[in-house]
Amino acid sequence: MSTEHSIEDSIDKAATTVGSVWPVHSFVTANPLSGFEDMPFSEAVTQAADLIGGRGYPTPETFEAALEGGQIDPAVLDAELAERGYEGEPEVLLERMAAADESGHPDAGTDADAARVDRVLTKWLSAFLDEGQAHWPMPDREDGFYSAFRSMAPHDGRIPDDGLVADLPESPVEAIESAVAPYPESQWVPIFEEQLAALPGWTGFIKQRAADGGEWQSAYPISLVGYLAARLALLDAFGVDVAPSTASKSDEAEATDELAEAFLTAWEASYRDEVVDRVAAESEALENGDTAGRPDAQLVFCIDTRSEVIRRHIEDTGDYETHGYAGFFGVPMEYRGYDAEVAVDACPPIVDPQHRVSEVPTGGEAEATHDRWSRFREAAGEAIEALKTNPATAFGFVESAGSGYGVALAARTLVPGRVADLLGSADDAVPDNHEFCDQVVHHQHSYAGDLPVGLTDEEKVEYAANAFGLMGWEEFGRLVVFAGHASETANNPYDSSLDCGACAGNPGGPNARVLAAICNDETVKAELRDRGFDIPEDTVFVAGQHNTTTDEIELYDGDVPESHADDLDQLRADLAVAREHAAAERTGADGSAAVGEAERRAADWAETRPEWGLAGNAGFVIGPRELTSDLDLDGRAFLHSYDHSTDPDGDALEAILTGPMVVTQWINMQYYFSTVDNAVYGSGSKVTQNPVGNVGVYQGNGGDLMTGLPLQSLMAADDRPYHQPLRLSTIIHAPVDRVTDVLADHEDLTELLDNDWLSLTVVDPTQDHRAFHYEEALTWSPAAEQVEARPEPETPPAPATADD
């Protein structure tokens, strides 16, 4: 093998230890240790700690609070501790753990010269990777990062004119080869691992952008090879030794981690057993219950934990049936809105888009009104931006416009709700895209890049059949609503983290519109009936979007016939009632006051916590809605509809486990690690964040790109987590043999389970509704039966606001 191939292969191997990082404007929740999932969780967090210094387990104080709050069953904890050979009171063991923590976990500390390299390199990375924020872009970006750096480095006074950087070769591989020449090939992977882990935020972003492609990567290419070449050249210039470190955790630290694993496992089992017991009881009741008649309407929501709250309250308002389905509604597409500058991937990051769907105007006064308002706002925005940023006009602009900005600032700060009402009234006068645009859903026999525009009739039928097959539908109401979801916040760099994760951090309304259009197609309906889906002639499919910040559900009803007007009016009225109740549950206020408080949070530009997002997520229930419809799961569980009786071959179950379960595990791990070590895996406080290049945030005025969620998305107070950092507990209602068959065909799933990245429990309706817990290597053990009823878990603290 040539040296070039050896270097590239070594870089590829080293890159697996760095998690991918998506741009903050399209935030994707992902496991930051995804590259370690081929090893047990305990080993993964140890290796990650050695490499980047990240903590792998909650603090002793967090465990102590969970124990005192009744979230950890003492009997379960005693069993876990005894199994690992620990004796003594839990409080004493926690004190021991805290004492070990005070001695400090080893980190990947750097010397002063290496820190200087980081400062120089991050400056060039932020300039090169800018996505439209900079007014004076870096020269030569179109030549690629390494070439641009090579041409610009001689002009940087902070870079010593010495060593490799003084005469960089044209090829980045040649530069790397020169830098690692003093070291044996066996050390190349460890060297590259440490250098990639030195700035995991930037390198994770480069890794993702290079793999994903896209317009920015096409225009200004960058690769890990080019990045490492520049980094190693700078290290050589500053005289930094790149020999791999041999530091590792002490025996005491490893013992502390083992103790933490016992507490964490007991905490997870306490949560899981409570949910499993209740699901098993509902499973038995479901078998003996009466079959429900045709509902007034059926509403399909994303499996997102926030949907669990609104679904409960909708079902309480009338004869409504709700279902859970991945929020991209099974259509893997690239989507471009009517006035959007670029298309976005509207599907999970583990899925590649297969179609291009765009909005096209249908004409009329609505389009003209929208365009006039859009042109006015765009022109005004460009004019103000030019005045603010042009050196010749900036001071004069401040002199003349300062008082107006001061009034606006005071209004937004003191009465954000009134400002929002004023802006909302103006926006209501301007038609939304969906009011005058159709989507190009039908196959156009043309391409946008590599993607076909639209869908063929066969593809439309498949997507609709897959949706109803996975959810196990056998009956249809007069109205069937597909409700995507999106958030609404002000002055929030992390706004996309509150949008639909299944749509890659984008709103889910467009996907809902596509599936509704597909299902309303008479050709599709006819084919679905031939496949056994008995869709009545009077069934109409409607799209909508759930605003998770305010709990408002907007229905896109432009194509609903007059025959269903009364049904739609009643549904809207009931959704308004459900919204009040859901907002009251989430804000702690009452009725209309709760809605007002939710709207204030959405509009207040000083609100660091407009909503909790998916904080609290801990479980994933796959089964009929009847299993959980009478349970208050407190917005902590993902819910995917599934009926084992309609899936004898397990095809639907296989699709759920290989898709949604993997995505929820990624989400869960992002929240877990961002909570247990926010400095390494999160992004710190929003108060001290600075957005950079429209791709991410710094803490302070420079450094590494932060990779995870901010503290305000996770913490109720500085010393009190709102999110309970637990690994995902998946619960499936199906024959255990069917689940085993699916797992046997997917080594990647069994690897996740065998390595304890999540847990899996099956409630088997064919075996007297008994529960079986996955152990390892496709083996199961009967879940422990509870001798007495467990106490209800303590309700998490009420959501805090910026005023707390």
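Because the structure is predicted, anything quoted here is derived from the model rather than measured. (Residues numbered from 1 in each chain as written. Predicted model: local features only at pLDDT ≥ 70, side-chain atom pairs only at ≥ 80, totals over all residues. Heavy atoms only, no water.)

Enquirer: Can you tell me about empty space enclosed by the protein, naming the residues and giving the values?
Expert: By the definition in use, this model includes six cavities of 30 Å³ or more. Of the pockets and cavities examined, the largest cavity occupies roughly 240 Å³. Gly 19, Ser 20, Val 21, Pro 32 and Thr 707 are the residues nearest the centre of the largest cavity, which is lined by 20 residues in total. Those elements that provide at least two residues to the lining of the largest cavity are helix 2 (41-52) and helix 26 (678-681). (1 Å grid on protein atoms, 1.4 Å probe; cavity = no way out; pocket = protein on both sides within 12 Å on 5 of 7 lines; lining within 4 Å. Points joined across faces, edges and corners; volume = space filled by probe spheres on them. Helix = DSSP H or I, 4+ residues; strand = E, 2+ residues; numbered from the N terminus.)

Enquirer: Talk me through the environment of Leu 81; I want residue IDs and the actual numbers.
Expert: Along the chain, the position of Leu 81 falls in helix 4 (residues 74-83). Overall, the relative accessible area of 3% leaves Leu 81 in the buried class. Sequence spacing of Leu 81 and Glu 258 is 177 residues, and the spatial spacing of their C-alpha atoms is 9.7 Å. Setting aside its immediate chain neighbours within four residues, Leu 81 contacts Tyr 86, Leu 93, Leu 259, Ala 262 and Phe 263. (Buried < 20%, exposed > 50% of the residue type's maximum accessible area, 1.4 Å probe, protein only. Contact = heavy atoms within 4.5 Å.)

Enquirer: Please give an account of the sheet that holds strand 3 (residues 333-336) that cites residues and values.
Expert: If you walk across this open sheet you meet the four strands as 4-3-5-6, and the pairing is mixed. Two strands close off the open sheet at either side, each with one partner strand: strand 4 (344-346) and strand 6 (437-439). Each neighbouring strand pair of the sheet contributes to a mean axis angle of 30°, computed without reference to strand direction. Note that strand 3 and strand 5 (residues 355-361) share four bridges and pair parallel. In the strand pairing of strand 5, Arg 336 is matched with Ser 358. (Pairing = 2+ DSSP bridges. Axes fitted to C-alpha atoms, helices over the stretch in contact; angles between N-to-C directions.)

Enquirer: Please provide a residue-by-residue account of helix 8 (residues 172-180), values included.
Expert: For helix 8, the full list of buried residues reads Val 173, Ala 175, Ile 176, Ala 179 and Val 180. Mapping the buried residues of helix 8 onto a view down its axis gives an arc of 160°, with all of them on the same face. The backbone nitrogen of Val 173 lies 3.3 Å from a side-chain oxygen of the residue at the head of helix 8, namely Ser 171. (Arc of directions from axis to C-beta. Polar contact = N/O pair within 3.5 Å; in protein donor to acceptor, adjacent residues only side chain to side chain.)

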